[in-house]
Structures are given as C-alpha cells and as structure tokens.
Amino acid sequence: MSFNLLVESIDRSSFNYIVEEGNKDQPSRVYIEGPYMVAEKINKNKRYYVKEEMEIEVERYTNEMIQQQRAMGELNHPSTAEVDLERACHIVTELKNNGNEYIGRSKILSTPCGKIVENLIRDGVRVGMSTRSLGKLIEETGGINRVQDMKLVAVDCVADPSYTGAFVDGILESKQWICDCSGNFCEIYEGFENSIGTLPRKGSDQKIKDALQMFFKSL
C-alpha cells in the first residue's frame, strides 16, 4: 500500500513566542511553543489520528530525532519527504503529551531561513507550526479518513497554518510514496518518470517495458 504526504496545522493563535535576551557571552534566542500535534480529533482535512499510534510515532521521533538534535523543520512546506538543510529554520527541542495534544517547543536557528523567522517574530508577525508526515489513509464513513502507519518527517514553520487545504491537496498530497526494502521512502511516479526520461531515442522498447514492470510492482 502506498503512503500519502500529509500536512496538519494548528491555528497560529495557539502558539507562544519566547525571546530570551542574550549577553556578551551568548546571543539572544527565540523559541516557539504550542500544540504541534492532535489525536482523536477530526481536522479540517477530514482526517484523524489514533492516540495510541501517535504516541508510538512521537516516541520514535523523540528518540531518533529530538534527542539526537536532528529534528529540524523548514520554512514553509516543501513537496518532499525529507528535510533540506539549506531551508532549515528551527529545531524541535521538546514534544510532550498533554491529553490528546502534543505540546512542542522549537528553537529558532541562526540559519538564513531561521533569521527570517526570528525577524518576523520580533516584528510582531504570528507564524505557526505544521507537521509534515507520511501515512496511509483508511477511508471510513462520512468521507472521514483515519491515518495509519504515520511517520513524522518534520514540523515546518508556516505563515498561515490555517490555510493549507487547497495547496496541500493540489500539490503535496497528490504525490504517493512507498517504503522500499531498506526502509527508505521514495516517490512512486517520480521514479518511473526518471526511468523514462533517461531512455535513448532508439531501441528503448524493452527498457520502457522494464520501467513499466518496476512501476507496477511498486504499487
């Protein structure tokens, strides 16, 4: 079964911004905290997450990413299932359970994108956080989908997390992904397109057949 690239957002009014003043030995730091993830609640995308499954994924993300200081997020959502270091703007330092919510805390990085976020916050602009993850959509009654086998990719910083539906449905969530035998996620149709795009002009019939066979096996 294929995976969808999913983004979920919380109203930006729910986030707090903390500015820790620096001194001669340490520069000032800016932090964002608020509800990063919510379980057992149907969101505006008509999806919901089972609390037990979200707990397992948050534990994995905490152990593998947060505690290893690898839990970076980008400025705005990309259309990939990986984090581009050149676009990193913050790093998640905490993700704690509070009922059906997970309250996160992020430190704004001193990267170029991080400086953009920091200056926006200092100028009074309200930004928010939006999760980017892979998951299977299990259709239920009333057009509701339950997310299964969630894999949190990143928490991204966005200007308006309450307005993602049209952009996400049209671009991000149109892509599908599979988990290969090595545990890595790869896009289904882009791999097929790449195979076709590199074929020679002549004598490519068999190679096209091979590319098609590999594509259909991945479905």
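None of these values were measured; they are calculated from a predicted model.

Focus on the overall build of the protein chain
- On a plain count of helices and strands, the protein chain comes out with five helices and eleven strands.
- Counting only residues that meet the buried cut, the protein chain has 42% of its 219 residues in that class.
- Expressed as a percentage of contacts within the protein chain between residues at least 6 apart in sequence, the contacts between residues at least 24 apart total 63%.
- Entry remark: accessible area of the protein chain is about 12200 Å², with carbon and sulfur atoms responsible for 49%.

Focus on helix 1 (residues 51-66)
- Of all the residues in helix 1, the buried ones are M54, E57, V58, R60, Y61, T62, M65 and I66.
- Where the residues of helix 1 are buried, they touch strand 3 (29-38), strand 4 (47-49), strand 6 (88-98), strand 7 (101-108) and strand 9 (145-158).

Points about the sheet that holds strand 6
- Taken together, the five strands give an open sheet; going across it, the order is 2-3-7-6-5, and neighbouring strands pair in antiparallel fashion. Only two strands of the sheet have a single partner each, and these edge strands are strand 2 (16-20) and strand 5 (72-74). Going across the sheet, the axis of each strand differs from the next one's by a mean of 35°, ignoring polarity.
- Examined bridge by bridge, strand 3 and strand 7 share seven bridges and lie antiparallel to one another. Paired with V38 across the strands is E101, a residue of strand 7.
- Contacts from helix 1 reach strand 3, strand 6 and strand 7, with the element oriented near 135° to strand 6.

So, the pattern of salt bridges
- Within the structure shown, the criterion is met by twelve salt bridges.
- For the salt bridge of E33 with R105, the shortest nitrogen-to-oxygen distance reads 3.1 Å. Linking E33 in strand 3 with R105 in strand 7, this pair joins segments that are 72 residues apart in sequence.
- R105 sits in the buried class, given a relative accessible area of 19%.
- For K136, the salt bridge identified is with D149, shortest N-O distance 2.9 Å. One end of the pair, K136, is in strand 8 (residues 128-139); the other, D149, is in strand 9, with 13 residues separating them in the sequence.
- Since its relative accessible area comes to 16%, K136 is described here as buried.
- One connected set of salt bridges, linked through shared partners, spans E20, E33 and R105.

Conventions used here
Residues numbered from 1 in each chain as written. Predicted model: local features only at pLDDT ≥ 70, side-chain atom pairs only at ≥ 80, totals over all residues. Heavy atoms only, no water. Helix = DSSP H or I, 4+ residues; strand = E, 2+ residues; numbered from the N terminus. Buried < 20%, exposed > 50% of the residue type's maximum accessible area, 1.4 Å probe, protein only. Contact = heavy atoms within 4.5 Å. Areas by Shrake-Rupley, 256 points an atom, 1.4 Å probe, with all protein chains shown as cover. Pairing = 2+ DSSP bridges. Axes fitted to C-alpha atoms, helices over the stretch in contact; angles between N-to-C directions. Salt bridge = Lys/Arg side-chain N within 4 Å of Asp/Glu carboxyl O.

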